[in-house]
Structure formats: structure tokens, C-alpha cells
Amino acid sequence: MVRLKIGVAMSGGVDSTMAASLVREQGHEVHGFFMLLPLPDLDAQLARVRQVAGQLAIPLTLIDLRRHFTAEVVGYFTATYQAGLTPNPCIHCNHAIKFGLLAEAIRSHGMDRIATGHYARIGRRHGRRFVARGIDRQKDQSYFLARLDAEQVERIFFPVGAWTKEHMYERAAGLGFRFEDQESQDVCFLAAGLPAFLNAQGIGDQAGPMVNRDGRRLGEHRGVWQYTIGQRRGLGLPDATPWYVVGLDGAANRVIVGKHDELFADRCTVHSLRWTHEPPELPWRGLVQLRSRHQPAPAELTAAGVDTWQLAFANPQRAIAPGQFAVFYEDDLVLGSAVIAAETEAERAR
């Protein structure tokens, strides 16, 4: 086996700690790297990661990415909500920051590869490397890695992807580590919740109409960014059957509501299409995952217009959220992804 220099992106949690431990067990030279980000618990994270690196007896280097993270990830997050769309900051961060700027810094320190604690694997097809689902389907994070390009995938290790989360806790305990059995926060930079965070970014309440598909005004909302597709609670619209948020019209500052059946659609438009390798011939048919906890569904991808494509599903899908990512799978392999487009007026009128 060739002994490599592996830079491990570390956070002080069980996953990245065990990634470093597993890489070391494989006989590689391990060096820890910690991203300084504008997080509410940065000091606590830094203390944990220093303790972990000390126990593992590996060097640790701090990489200050606070300014870049604020511009790239927080800026994207805020602007997307302002537009009445649903962002996915983890997908954006993985491509631009963790496997972008951090990976560049790791390479500049003489490392051959980057390893992380993601529950994913590297799969191969026709001699090419793809991100693939992790063994632990309940913890699989391949969806969040869908925007990585071929060059990024070429330099990645996912040591924990071949194991279950439970097994990682057991191995960590056997090495003398004690971690709380809890999941990390979905959006790492939110401390006091979304409304307070956006208010701090200068986005306050902006009242507007709550309407049905026909445009009939049913109530008032406090700002489109406070609502998500599929939301039922907090609408203040009493009726014999529940109302749900079925659309967000950021341009007109409208929240569109409907009944349960209106949450389902058998197609959607996507843009910003990106494949890991060369694009396949269209129509492409495979499995498409529409959000992190969505059960992948059979669909067909066809061209729809200039830089737009259409996804047609074999069965109607619930709560398709514009701004989120549609991720394309062939079996366990991530082939590519696209951003779900906002509905047009014609689509809303259907």
C-alpha cells in the first residue's frame, strides 16, 4: 500500500474524529485541519478539536475561512430566502468551502488527499470516481455532496462511509473518546433560529397577502421567508380541512396556500444542471432525490428551454420546493444535480 499524506477536515465530533482514526489505522500520515467559521459555538468547537487532535497525537492546523464563508454561504442563504426560495447551505458549503477553499489549503500544506467524516463512499463506474451512498442509509450524506465536480471527487476519502453511525460510536468509545449521542444542527450558523438570524441580516417582517391558487386573498403573512412548502402550522386559516403552503412568490411577496392534494406535482423545471463527469444523453432516466429526507423517485430528465430542463416523475411528488436541489442517482452513485426552479405564472395557474 502507498502511504499517503491525508488532511482530515475535523470538527471535534465523532464522525471527523473517527475519520482521522481510520485513516491512521490504514497506515497513512494524518494531519488535522479545522475551519475557523463564523459559528456561535466556535470557541467550544475549537477546544474540542484541539483535545481530539491531542488524544490522536496528530498535528492540527487552523484555516481561517470566516470571511469567505460569510460571503459565499451566509450570503447565498440570505439572498435565497429573500427571493422566496428554499436554500440548502450545506450543499453550497461543501462545494465552495469544504471541498473548495479548505481542500486548496490542505493541498498547499503538502497533503495528497482530503478526508472527511461524511457518511458517503466513493463508487466507480467505467474507471471514474463518483460520490456514492454510505452504508448507513439513515445517515447517508451523499445528497449534500452532489455539486462536487470530478476533480474534487478524485481527491476525497470518506473513511466512515463504510460503517454505521452506531459502530462509529462504539469504536470511539473503545479508543477512550466520549461523545454525546446527538446530531449536529442542520444549519451550523443559526443560533437563535431563522427569524432572529435573518433579522440580524437586515431582513425583517414584510407583510403581504396569503392567497389560494386562484389569487383569492385568504389572509396575511409576515414575510415569505418565514414559510416553507408543505407547511401546515402557523397559517392562521381555520377551515374544515387544513391549508398548506403550496407556493412562495417572492417577486410579488405572496404566500400561496392550498389543500393537501395541491402539494403534489408530477413534474418540475430545474436549472443550473451539473454532472460529475460528461453529461449523459437526454432523455436521462434514473432516481431523483428532491431534499435530504426525500425517498428517491424514478424520473425522466429532458431539455425544456435555454438552460432549463424538466423532470417528469413516474408518480406525483409531495412538496417540491424551488431553490432546493434535485440530485440524480444511478443505483448508489451520484451522477449530478440541478436547482429546482420557481414556478411560473402558467404553472401556478394549472
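Residues numbered from 1 in each chain as written. Predicted model: local features only at pLDDT ≥ 70, side-chain atom pairs only at ≥ 80, totals over all residues. Heavy atoms only, no water.

**Q** Sorry if this is basic, but what is going on with the packing of helix α1 (residues 14–25) against helix α6 (residues 165–174) here?
**A** A packed helix pair is summarised by two numbers, namely the angle formed by the two axes and the spacing between the axes. At a minimum axis distance of 10 Å, the contact between α1 and α6 shows a crossing angle of 70°. By the angle between their directions, the pair α1 and α6 is classed as roughly perpendicular. Taken together, the residues of α6 that come into contact with α1 (itself represented by Val14, Asp15, Met18, Leu22 and Glu25) are Lys165, Met168, Tyr169, Arg171 and Ala172. Broken down by class, the residue content of the contact of α1 with α6 amounts to six nonpolar, no polar and four charged. (Axes fitted to C-alpha atoms, helices over the stretch in contact; angles between N-to-C directions. Helix = DSSP H or I, 4+ residues; strand = E, 2+ residues; numbered from the N terminus. Parallel < 35°, antiparallel > 145°, perpendicular 65-115°, else oblique. Contact = heavy atoms within 4.5 Å. Nonpolar A, V, L, I, M, F, W, Y, C, P; charged D, E, K, R; others polar.)

**Q** Even after reading the chapter, I still don't get the nonpolar core, so can you show me in this structure?
**A** Soluble globular proteins: nonpolar side chains tend toward being buried together. Within the largest apolar cluster, 47 residues are counted, with the highest numbers of intra-cluster contacts made by Phe69, Phe77, Ile97, Leu102, Val131 and Phe189. Among the elements of the structure, β2 (29–36), α3 (66–82), α4 (89–108), α7 (194–200), β16 (325–330) and β17 (333–340) are those that each provide at least two residues to this core. Considering every element that reaches this core, the biggest residue donor is α4, with nine residues. Formed by 28 residues, the second largest nonpolar core is a distinct cluster that contains Leu22, Phe34, Leu36 and Phe177. (Core = buried A, V, L, I, M, F, W, Y, C linked by side-chain atoms within 4.5 Å. Buried < 20%, exposed > 50% of the residue type's maximum accessible area, 1.4 Å probe, protein only.)

**Q** Got a minute to help me understand the packing of aromatic side chains in this structure?
**A** The description of two aromatic rings rests on the distance between their centres and on the angle between their planes. Per the stated rule, a full pass over the model turns up eleven aromatic pairs. Relative to Phe197, the ring of Phe77 has its centre 5.9 Å away and its plane inclined at 70°; by these criteria the two rings are edge-to-face. Taken together, the positions of Phe77 in helix α3 and Phe197 in helix α7 put the pair 120 residues apart, joining distant regions of the chain. Measuring from centroid to centroid gives 5.3 Å for Trp275 and Phe328, while their planes differ by 40°, and the two rings are tilted. In this pair, Trp275 is assigned in strand β12 (residues 264–275) and Phe328 in strand β16, connecting sequence segments 53 residues apart. For the pair Trp275 and Phe328, one class covers both residues: buried. Ring pairing ties together the aromatic residues Phe69, Phe77, Tyr81, Phe189 and Phe197, which thus form one cluster. If you follow Arg133 out to its NZ or CZ, it ends over the ring of Tyr329, 3.8 Å from the centre. The aromatic ring of Trp243 is capped on one face by Lys259, whose charged end is 3.9 Å from the ring centroid. (Phe/Tyr/Trp six-rings, centres within 6.5 Å; stacked < 30°, edge-to-face > 60°. Lys NZ or Arg CZ within 6 Å of the ring centre and 35° of its normal.)

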